[in-house]
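The residues making up each chain are set out below.
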Amino acid sequence: MDRPTLEAVAARAGVSKSSVSRVINGATTVAPSIREVVLRAVRELGYVPHAAARNLATRRTNAVALVVSDPPKGLVSDDPMFSAVVRQASRKLEAAGKQVVLMLAGSEDSRARVARYVAAGHVDGVMLVSMHGADSLPATLARRGLPIVSLGRTNPAVPYVDNDNPGGARLAVRHLLRQGRRRVATITGPLDMIASQERLSGYTDVMRETGHRSIVAIGDFTRVSGADAMRQLLQDDPALDAVFAANDLMAIGALRTLRETGRRVPDDVAVVGFDDIEAALYTTPALTTVHSPMTDWATATVDLLLGLFEGGSGEPVLLPAELVVRESA
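In this report, we go over the structure that sits alongside the text. (Residues numbered from 1 in each chain as written. Predicted model: local features only at pLDDT ≥ 70, side-chain atom pairs only at ≥ 80, totals over all residues. Heavy atoms only, no water.)

If you look at the biggest cluster of nonpolar residues, it comprises 41 residues, and the most contacted ones within it are Ile187, Met230, Leu233 and Phe244. Every element with two or more residues in this core is listed here: helix H9 (165–178), strand E6 (184–188), helix H10 (194–209), strand E7 (215–218), helix H11 (223–236), strand E8 (242–245), helix H12 (248–260) and strand E9 (270–275). Those residues in contact with Leu233 that sit more than four places away from it in its chain are Ala185, Thr186, Ile187, Ile215, Val216, Ala217, Leu240 and Val243. Of all hydrophobic cores here, the second largest spans 29 residues; its members include Met81, Val85, Ile252 and Leu306. (Core = buried A, V, L, I, M, F, W, Y, C linked by side-chain atoms within 4.5 Å. Buried < 20%, exposed > 50% of the residue type's maximum accessible area, 1.4 Å probe, protein only. Helix = DSSP H or I, 4+ residues; strand = E, 2+ residues; numbered from the N terminus. Contact = heavy atoms within 4.5 Å.)

Laid out in C-alpha cells, this is it:
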C-alpha cells in the first residue's frame, strides 16, 4: 500500500493541509475540535510524519551531540565514571525523543570536525563531557548560539552542572585530620581541568587553616599516575600518614604502591578518594571516598539542556558532596 500522505489526512479530517501540519508539529494555536478530528484521521489512516520534512518545517533535527573529550592517555575509556555518565545521559535524551550523536573530541582535528558538524545544523544542542581548561571547543560552540551545556564547569559562557569539588575535598581532608593524621598529602588530577583545580584548592584551604604543610603530587586521573605519584610522595616524605587522591582511580593506584612498599592501610597511611565508583567497594581495604552521584549528575545536565530548548535561563547546578567512610580511612 502507498504511504498515507498529509493530503489524505486533510481530506479524511475535512480540514486544510496547513491545519494538519500545525497539529502534527505540535502548534498550540489549533482549536481542540480540529486537533481531535485530525488525530482521529491520523490513527485511522496510520499516517506517520516524514521526519526529514517535519524537521525542515520546524527547523529541528531532534538530535543532540554528546561530545566527550578523550585525551591521548584514554581517561574516558579507562574511567567507569564516564561510561556511567554517557549511558545515563543517552537514556535520558532518548526518553525525551532526542537522537544521541556521540562524538569524541580528543585532538585538534576531531575538535574541528565537531565544530563543523554542529555549525552545519545537524544537531539542536550539545552536551559536553570532560573538557579541559585549555580546550577551545566550548567557546567555539557557544558562539554558534546553539543550546549547549557542560557536565562540569568549563567556559563561563556555557551553563553547567557540577559537583561541589572544593567542598568534597574539604570533607575528605578534615576527616583525615580528625583521625589524628598530621602529614596529609594529595594527588591532584590534571591541573588544566577545573575539577582538579577546585579539589586541590579544597585541600590547600584546610591545610592552611589548620596550620599543616601541603604535600602535593600531580596525577592525571589514571591508576598509573596515582601509583607513580604515591611512590614519589613516599620518596619525598617517608613519614607521611595520609593521602587524599582527587579521584578513585588514582586512589586505587596509590593503594597498590602502598601495598608494594609494605605500608599498611589505614594503619600506616590512610587513603581517601573522590567519585565513589563501584570499584571503591572492592579494593583491599574498601576505599573511603567522596560520593559523586553520576546518575544524578548526568540527569541534571540533560534536564538543563532540555530546559534551554524551552527557553530556560540555564542557571548552573551544583550537586552536594558527601563523604562515604570505609576501611581505608
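Following the structure, the description resumes.
With that settled, the discussion passes to the packing of H11 against H12. Direction vectors running N to C along H11 and H12 enclose 50 degrees, while the axes themselves pass 6 Å from each other. On the basis of the axis angle, H11 is oblique to H12. Read as a crossing pair, H11 and H12 show a hand that is right-handed. From H11, Arg223, Ser225, Gly226, Ala227, Met230, Arg231 and Leu234 reach across to H12, where they touch Leu249, Met250, Ile252, Gly253, Ala254, Thr257, Leu258 and Glu260. Taken together, the residues of the contact of H11 with H12 break down into eight nonpolar, four polar and three charged. (Axes fitted to C-alpha atoms, helices over the stretch in contact; angles between N-to-C directions. Parallel < 35°, antiparallel > 145°, perpendicular 65-115°, else oblique. Left-handed = near helix turned anticlockwise from the far one by under 90°. Nonpolar A, V, L, I, M, F, W, Y, C, P; charged D, E, K, R; others polar.)

Turning to the pairing of E9, a few remarks are in order. Of all six residues making up E9, six are buried, and the element is well covered by its neighbours. Looking at chain direction, E8 and E9 are connected through three bridges and run parallel. The partner of Ala242 across the bridge, within E9, is Ala270. In terms of handedness, the path from E8 via H12 over to E9 forms a crossover that is right-handed. (Pairing = 2+ DSSP bridges. Right-handed = clockwise from strand over helix to strand, strands pointing away.)

Taking 1.5 Å per residue, 16 residues should reach 22 Å; helix H6 (residues 80–95) reaches 23 Å between its end C-alpha atoms and fits that length. The complete set of buried residues in H6 reads Met81, Phe82, Val85, Val86, Gln88, Ala89, Ser90 and Leu93. At the exit of H6 stands Gly97, carrying a positive phi of roughly 80 degrees. (Expected span 1.5 Å × (residues − 1).)

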